[in-house]
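One letter stands for each residue in the lines below.
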Amino acid sequence: MIIYFSGTGNSLAIARQIAFATNDSTLPLTEAVRRDLTAERRIGLVFPSYDFNAPPAVRNLVPRLKISADAHVYIIIPCGAQAGNSIWSVRRLLREKGIEVRYSHKIRVPDNSAIVFGRNPNDQVWKFTRFSDRLKNIINDIKAERKRLHFAWFSPLGWFMGTDRMQQWMLRTFRPAVNEDKCIGCGICERVCPMRNIAVDEKAGIGPHCTACLACLHACPQQAVEVGAKPSPKTHQYRHPDIKLKDLSLQ
Ligand SMILES: Cc1cc2nc3c(=O)[nH]c(=O)nc-3n(C[C@H](O)[C@H](O)[C@H](O)COP(=O)(O)O)c2cc1C
Ligand code: SF4
Ligand code: SF4
């Protein structure tokens, strides 16, 4: 079973590619925590890195997973460049439950947060071809159930970004808000939010459980979801090319 958390589809696409090659299936993390997965003998965790760590939602949900201590557990991080403490922190959370992570790696993909800084994540699609060999090697390692941890060691930068002050900064920097003048109440953001944190009545309203994944900002057809009250152009909105909106709605 491959468990994923994804805002703009990179993690979902990688989870699906691994599932296809290893004859496995995928499950969103929000659904996985409701199931008993103790019979699964191989468990993959695929999620992005946010601010040099695992997304807050992933760190909150992973301890609730019901998986066997005998399972071959691996972690793959599709990230812009730096996994930081993403693997280290989730490995620690699992270890507290007596579960060992046997294999880990990261793979570089377009950075969906570039939009917040006025850059275009679509300009980074070159990473798919540049790092395709890395993905093939990862898949071969998973098939062979190789035991090797990559990018799993403590990162001082990841620790610094995890301090209270930096986390407050992160939330101020990345947490989106809806511009009501632009919102047409179409409901797309409500469907793609992996935290089920958006309710649309006439307009969209963002609740308190935001994990700053930016799914809503990238998916809004009106560009009505903004970070820091700055509009983001349509050309900068990103979704993994193999992933459709309805795929993200299944989370
Ligand atoms: C709030 C936020 C913070 C991010 N921080 C990092 C980071 O520290 N390092 C990095 O390499 N990528 C970072 N990214 C980029 C994502 O890890 C990357 O785009 C990932 O593939 C997104 O996965 P998804 O498409 O499955 O949501 C960040 C993205 C967001 C939204
Ligand atoms: S996707 Fe955009 S336009 Fe549609 S409800 Fe959400 S904020 Fe409003
Ligand atoms: S409100 Fe938007 S940014 Fe926050 S978790 Fe939901 S989709 Fe992600």
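Refer to the preceding data block for the structure.
Residues numbered from 1 in each chain as written. Chains lettered and ligands numbered in written order. Predicted model: local features only at pLDDT ≥ 70, side-chain atom pairs only at ≥ 80, totals over all residues. Heavy atoms only, no water.

### Overview of the sheet that holds strand β6 (residues 72–79)
- Reading across from one edge, β2-β1-β4-β6-β7-β8 is the order of the six strands in this open sheet, with parallel pairing throughout. The open sheet has two edge strands, β2 (26–28) and β8 (148–149), and neither has a second partner.
- Two strands pair when backbone bridges link them, and strand β1 (residues 2–4) and β2 are joined in this way by three bridges, in the parallel orientation. Residue pairing in the sheet places isoleucine 2 in a bridge with threonine 26 of β2.
- This element, helix α1 (residues 10–22), spans β1, β2, β4 (42–46), β6 and β7 (101–108) of the sheet and lies at about 175 degrees to β1.
- The sheet contacts of helix α4 (residues 86–95) involve β4, β6, β7 and β8, and relative to β6 the element is tilted by about 150 degrees. (Pairing = 2+ DSSP bridges. Helix = DSSP H or I, 4+ residues; strand = E, 2+ residues; numbered from the N terminus. Contact = heavy atoms within 4.5 Å. Axes fitted to C-alpha atoms, helices over the stretch in contact; angles between N-to-C directions.)

### Digging into the site of ligand 1
- As a structural note, the neighbourhood of ligand 1 is formed by 25 residues, with Ser6, Gly7, Thr8, Ser49 and Ala81 the closest of them.
- In this structure, phenylalanine 52 approaches ligand 1 through a main-chain N or O atom, which is 2.8 Å from an oxygen atom.
- In the model, an oxygen atom of ligand 1 is placed 2.9 Å from a nitrogen or oxygen of the asparagine 112 main chain.
- Compared with its free state, where it exposes 640 Å², ligand 1 has 97% of that area covered by protein.
- Secondary-structure elements contributing two or more residues to the shell around ligand 1 are α1 and β6.
- Its residues assigned to classes, the shell around ligand 1 shows twelve nonpolar, eleven polar and two charged.
- Here the shell around ligand 1 gathers at least three residues from each of two domains, domain 1 (2–160) and domain 2 (174–249). (Near = heavy atom within 4 Å. Polar contact = N/O pair within 3.5 Å; in protein donor to acceptor, adjacent residues only side chain to side chain. Areas by Shrake-Rupley, 256 points an atom, 1.4 Å probe, with all protein chains shown as cover. Nonpolar A, V, L, I, M, F, W, Y, C, P; charged D, E, K, R; others polar. Domains from an automatic or database assignment.)

### Observations concerning the packing of aromatic side chains
- Here the structure, examined in full by the defined rule, presents two aromatic pairs.
- A ring pair is formed by tryptophan 88 and phenylalanine 154, whose centres lie 4.9 Å apart and whose planes are at 65 degrees; its orientation type is edge-to-face. Linking tryptophan 88 in helix α4 with phenylalanine 154 in the loop between β8 and α7 (156–161), this pair joins segments that are 66 residues apart in sequence.
- On the accessibility criterion, phenylalanine 154 (42% relative accessible area) is partly exposed.
- Where phenylalanine 117 meets phenylalanine 174, the ring centres are 5.8 Å apart and the plane angle is 90 degrees; that geometry is what we call edge-to-face. A residue pair is termed long-range when its members are at least 10 positions apart, and phenylalanine 117 in the loop between β7 and α5 (126–130) and phenylalanine 174 in helix α8 (residues 164–174) qualify at 57 residues.
- Between the NZ or CZ atom of lysine 106 and the centre of the ring of phenylalanine 151, over which it lies, the distance is 4.6 Å. (Phe/Tyr/Trp six-rings, centres within 6.5 Å; stacked < 30°, edge-to-face > 60°. Buried < 20%, exposed > 50% of the residue type's maximum accessible area, 1.4 Å probe, protein only. Lys NZ or Arg CZ within 6 Å of the ring centre and 35° of its normal.)

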